[in-house]
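Residues per chain, in single letters:
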Amino acid sequence: MSHPYENAAIRIVDWLHHAERDLIGSPVSTFNGDAGVVRELKLDEHHGLCFTLDEKPGHVFREGLPPARWYPVSTIKFKGPKP
């Protein structure tokens, strides 16, 4: 018999993967007016699910450097279709 926390952890990871498939590569705009393509997702202990934007066309993230800013998913105002 599995522990209740084990089932909860499996569900959280399943939903994280679902969000990755749905959001990464999608254009979004936030309530504060920032816009761009979703680059990465992570789970944060304070905000829950967070994302970062590839804000400038052609902008390349360098390996080992953190992205400029993480936004809580709750700040997404509009999500467009993936290109």
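Look up a bit, the structure's there.
Below is a summary of the structure that appears in this document. The model shown is predicted, which means the values in this text are computed figures rather than measured ones.

**Regarding the nonpolar core**
Of all hydrophobic cores here, the largest spans 9 residues; its members are Ala19, Leu23, Val28, Val38, Leu41, Phe51, Leu53, Tyr71 and Ile76. Elements represented by at least two residues in this core include exactly α1 (4-23), β2 (35-44) and β3 (48-54). If sequence neighbours within four positions are ignored, Leu23 has contacts with Val38, Leu41, Val73, Ile76 and Lys79.

**Regarding the environment of Lys82**
Mapped onto the elements of the fold, Lys82 is located in the segment after β5 (76-79). Residues Lys82 and Ser26, 56 residues apart in the sequence, show an inter-C-alpha distance of 4.6 Å. The residues touching Lys82, leaving out its near neighbours within four places in the chain, are Arg21, Asp22, Ile24, Gly25, Ser26 and Pro27. Within the local environment of Lys82, its side chain forms a polar contact with the backbone oxygen of Arg21, the two atoms lying 2.6 Å apart. Of note is the side chain of Lys82, whose polar atom sits 3.1 Å from the backbone oxygen of Ile24.

Cut-off values and rules
Residues numbered from 1 in each chain as written. Predicted model: local features only at pLDDT ≥ 70, side-chain atom pairs only at ≥ 80, totals over all residues. Heavy atoms only, no water. Core = buried A, V, L, I, M, F, W, Y, C linked by side-chain atoms within 4.5 Å. Buried < 20%, exposed > 50% of the residue type's maximum accessible area, 1.4 Å probe, protein only. Helix = DSSP H or I, 4+ residues; strand = E, 2+ residues; numbered from the N terminus. Contact = heavy atoms within 4.5 Å. Polar contact = N/O pair within 3.5 Å; in protein donor to acceptor, adjacent residues only side chain to side chain.

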